[in-house]
Amino acid sequence: MKEVEMYSFDNKNYILITKINHYLYLSNEKNPRDMMIRKEDVNDPEVLLPLEDDEEFEQALLLLTKKKNSQEEE
């Protein structure tokens, strides 16, 4: 069995799907349609922060898309 990283927000558990650079892509363990992206605090990687704005959200999605596309090419 594979070990997974779990994070809790608002009394809900989220599983780490993937990490790219300092962005963490998370999915609710009970509802896979409930997803979120957080980023590590540069001063303390144990602290997860929300994204700053829509531009940063788009940047994080672009990184995820590029990773998915490169995996499909392999």
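Since this is a predicted model, take the numbers as computed values, not measurements.

Draft legend 1. Quick look at the side chain of T18. On the secondary structure map, T18 appears in strand 2 (residues 12-20). Polar side-chain contacts of T18 include one of 2.6 Å to the side chain of K67.

Draft legend 2. Up close: a negative patch on the surface. A cluster of acidic side chains, namely D53, D54, E55 and E58, defines a negative patch on the protein surface. Secondary-structure assignment places E55 in helix 1 (residues 54-73). Assessed through its relative accessible area of 63%, E55 is described here as exposed.

Draft legend 3. Representation of the sheet that holds strand 1 (residues 6-9). Read from one edge to the other, the open sheet built from 5 strands follows the order 1-2-3-4-5, with strand pairing classed as antiparallel. Both edges of this open sheet fall to strand 1 and strand 5 (48-49), since each of them pairs with a single strand only. The pairing of strand 4 (residues 35-40) with strand 5 spans 2 bridges and is antiparallel. Bridging from a neighbouring strand, K39 pairs with L49 of strand 5. Running over the sheet, helix 1 touches strand 2, strand 3 (23-28) and strand 4 and is turned about 85° from strand 3.

Draft legend 4. Layout of the nonpolar core. Core analysis: the largest hydrophobic core is formed by 7 residues, namely F9, Y14, L16, L24, L26, M36 and L48. Mapped onto this core, the elements with two or more residues apiece are strand 2 and strand 3. Apart from residues no more than four positions distant in its own chain, Y14 is found in contact with E5, M6, Y7, F9, L26, S27, N28, E29, D34 and M36. In terms of nonpolar packing, the next biggest core, distinct from the first, is built from 6 residues, I20, Y23, I37 and L51 among them.

Draft legend 5. Examining the packing of aromatic side chains more closely. Taken as a whole, this structure holds 1 aromatic pair when the rule is applied. Its guanidinium or amino end placed over the ring of F9, R38 lies 5.3 Å from that ring's centre, counting from NZ or CZ.

Draft legend 6. Structural view of the side chain of S27. Topologically, S27 is positioned in strand 3. On the accessibility criterion, S27 (8% relative accessible area) is buried. If we ignore the near neighbours within four places in the chain, the residues touching S27 are N13, Y14, I15, I17, P32, D34 and M35.

Draft legend 7. Inspection of the pattern of salt bridges at higher detail. The full count for this structure, using the stated rule, is 3 salt bridges. Put simply, E56 and K39 hold a salt bridge, and the shortest N to O gap is 3.1 Å. One end of the pair, E56, is in helix 1; the other, K39, is in strand 4, with 17 residues separating them in the sequence. Like E56, the residue K39 is buried in the burial classification. Residues participating in the shared-partner salt-bridge network are K39, E52 and E56.

So, how was this worked out
Residues numbered from 1 in each chain as written. Predicted model: local features only at pLDDT ≥ 70, side-chain atom pairs only at ≥ 80, totals over all residues. Heavy atoms only, no water. Helix = DSSP H or I, 4+ residues; strand = E, 2+ residues; numbered from the N terminus. Polar contact = N/O pair within 3.5 Å; in protein donor to acceptor, adjacent residues only side chain to side chain. Patch = residues over 30% accessible without salt bridge, like charges linked within 9 Å, V, L, I, M, F, W, Y side chains within 5 Å. Areas by Shrake-Rupley, 256 points an atom, 1.4 Å probe, with all protein chains shown as cover. Salt bridge = Lys/Arg side-chain N within 4 Å of Asp/Glu carboxyl O. Lys, Arg positive; Asp, Glu negative; His and termini not counted. Charge placed at Lys NZ, Arg CZ, Asp CG, Glu CD. Buried < 20%, exposed > 50% of the residue type's maximum accessible area, 1.4 Å probe, protein only. Pairing = 2+ DSSP bridges. Contact = heavy atoms within 4.5 Å. Axes fitted to C-alpha atoms, helices over the stretch in contact; angles between N-to-C directions. Core = buried A, V, L, I, M, F, W, Y, C linked by side-chain atoms within 4.5 Å. Phe/Tyr/Trp six-rings, centres within 6.5 Å; stacked < 30°, edge-to-face > 60°. Lys NZ or Arg CZ within 6 Å of the ring centre and 35° of its normal.

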